[in-house]
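# Fold and contact review
Residues per chain, in single letters:
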Amino acid sequence: MFRTCDITGFKVDLTSERLIRLNAVMAVVALLLAIVGAILLVFTRYQPVHLLDAEWYYRIVTFHGLNALIFWIVFFEIAGLYFGSTVVLNQRFTYPAFGWVSFILMVAGLVMVNVMVLAGQADVMMTSYVPLKAHPLYYLGVILFAVGALIGVILFFSNVITAKRTKKVGETLPLFTYGLVAAAIIAVITLSTGAVIYIPTFLWSLGLIEHMDPAVYKLVWWGLGHSSQQINVAAMVSIWYLVVFLALGGTSINERVSRTAFVLYILFICLASAHHLLTDPATSSAWKVWNTSYAMYLAVLASLIHAFAVPSSIESAQRRWGFNKGLFDWLAKGPWGNPAFSSTVLAIIGFGFIGGTTGVIFGMEQTNIIVHNTLAIPGHFKGTVVIGTTLTFMGITYYLIPLIFRRKIVAYRLAQIQPWLFFAGIALLSVSMIALGQMGVPRRHWDSTFSGGPFSFAFNPAVDFFFTLMMLGGTLAFLAALIWVLQVVVSVFFGPKVKGPSDMQVPISKLAPEGKPVKGYEAPGTLLLTMLFLVTFAVLFFINWKWLAAAWWVE
């Protein structure tokens, strides 16, 4: 059964709508659990408070990592895959029963994992490196969640293929859905890798397998652990293109190039997992050098293409709407009151200038060695997964609430402020953690002062300043995330019903008018901003190589 949306004109399959809603709600639940864990960790690493003892610190690290990096994001991505393969394509949900099986398995996995972690039966952190051993139900929960997610991805492909066969789409998929296809292909690779390593680990925890090789485990596990974040990148960029279309009526100035960039993601982005294995004996030096340099550069090229294509599509659309005075009139007069738009622009800035630059630098074999086991690496995560992916997902929710849940956004003025608060908090948190890592503050250690240890170490006194900034940024980000969670919950369950287009608080733009032929660059402002980004990257690149030279002085 379908309903016709009176706002977009799309035919919405009712089963798909229910599954989108349920997966999105579970995503919000997982994010709530993640941010509670995050604030506990912030006030533990902040030495003047040092909230948790060592046992609970590592327990909450496990809890936070799984809910933030796996459960929150994958639940939301499954909702997005269903939306992109049914609603956007006017397509029915092909196998509803399997959609319910997928959801039940994922919920069961989330519950089992979190119960085992909080019960103290899985103090193994997110990586769960062997020979650390958790309760069998922990591994079973991860497997159930992964199987459920894999079923959801397969259903996405089924919906898309059916839409193509029934001529619901033309020769090419919409760019948004095309990007989701790339994310789904990466997801199949990632989830399959997880099954390859977690199934024998589960049997090992039951005592059915006598030995698990730690080097093999780590090698295969990072095919899941890091590659799962590459699903996020493809999904995040897809949403950027969607928001530009919804908010401005803009499209990529060269869709063929944008689609090629998604193909590069499929082929090369998973290889970035190699930077977690640079000191391991399981792989050769040639393999490490190839994957952290030449192969990785092709994935970086894809991100650079999107880094130009998305802002240029904003600029092109704005100029066609008449905002074409000077270099940046298009940016100054953007729809900043639209929280989906502001979230997207801020996510692009944070992902590029914080997450992207550090990702390339820290992913290289040479420079990685000086920061990998420091606080700089989770600081980098905050720039990619939190400012980039999480803020993007938060932003598109402001469209999903009225379009899918058919509810108005409660306290809309607060929704307009929330992206800025979250961006400021995470940016402060991320940059301070990167600075702390560059000064040698360890990544996983419960007590940065090493109190009670057999040795002592005096950090640069500046670490106290950056720890304070980390605490302030983490607190602000926690409050902003809590605001978003409360707004979503209140709006979805208690908000006024959307009765028609007049109730849309977040506007949907018409397609931008055709522009006049221009001489030179179609998006000169974006070109200048891109050059600014490249200069910033070059400066940071030089600084890190300078630090490396100082650390590895040879007479």
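Whatever comes next refers back to the structure up there.
What you see as residue numbers is a count from 1 along each chain, following the sequence as written. Only residues with pLDDT of at least 70 are given local features in this predicted model, and only at 80 or more are side-chain atom pairs given and counted; all residues enter the totals for whole chains, interfaces and linings. Derived side-chain values reflect all non-hydrogen atoms in the structure, with water molecules and hydrogen atoms excluded from consideration.

### Here's the deal with the nonpolar core
How we decide: The term nonpolar core refers to a set of buried residues drawn from Ala, Val, Leu, Ile, Met, Phe, Trp, Tyr and Cys, joined through side-chain atoms within 4.5 Å. Burial here depends on accessible area, computed with a 1.4 Å probe over protein chains only, as a share of the maximum for the residue type. Under 20% is buried, over 50% is exposed, and the range in between is partly exposed. Each helix is a run of H or I in the DSSP string that is no shorter than four residues. Each strand is a run of E no shorter than two, and both are numbered from the N terminus. Contact between two residues is taken to exist if any of their heavy atoms lie within 4.5 Å; hydrogens are not considered.
Counting residues in each nonpolar core, the largest one holds 165 residues, and the members touching the most others are Y138 and Y198. For this core, the leading source of residues is helix α2 (residues 54-87), giving 16 residues. Every residue in contact with Y138, bar those within four places of it in the chain, is listed here: L66, V113, M116, V117, A122, V124, M125, M126, S128 and Y198.

### Details of the pattern of salt bridges
As a reminder, the rule being used: One speaks of a salt bridge when a side-chain nitrogen belonging to Lys or Arg is within 4 Å of a carboxyl oxygen belonging to Asp or Glu.
Counted under the stated rule, the structure contains nine salt bridges. Two residues, D6 and R406, come together in a salt bridge whose shortest N-O distance is 3.0 Å. Of the two residues, D6 is situated in the loop between β1 (2-4) and β2 (11-13) and R406 in the loop between α14 (376-403) and α15 (412-438); the sequence distance between them amounts to 400 residues. The exposure class of R406 is buried, given its relative accessible area of 15%. A salt bridge links E315 to R319, with the shortest nitrogen-to-oxygen separation between them at 2.8 Å. In this pair, E315 and R319 are both assigned in helix α10 (residues 294-320), four residues apart and thus about one turn of the helix distant. With respect to class, E315 is no different from R319; both count as buried. The structure contains a network of salt bridges with shared partners spanning R3, E17 and R21.

### Here's the deal with the packing of α15 against helix α16 (residues 462-494)
Formally: Under this scheme, a helix contributes an axis fitted over its contacting stretch, all axes are lines through C-alpha atoms, and angles between N-to-C directions fall in the 0 to 180 degree range. Working rule for angles: under 35 degrees goes down as roughly parallel, over 145 as roughly antiparallel, 65 to 115 as roughly perpendicular, anything else as oblique. The hand of a helix crossing depends on one turn: near helix anticlockwise from the far one by less than a right angle means left-handed, and clockwise means right-handed. The residue classification treats Ala, Val, Leu, Ile, Met, Phe, Trp, Tyr, Cys and Pro as nonpolar and Asp, Glu, Lys and Arg as charged. All others, Gly included, are polar.
In contact at an axis separation of 7 Å, α15 and α16 are set at 150 degrees when each is read in the N-to-C sense. If you check the angle between α15 and α16, you find them roughly antiparallel. The hand of the α15/α16 crossing is left-handed. For the contact of α15 with α16, the residue count by class is 24 nonpolar, six polar and no charged.

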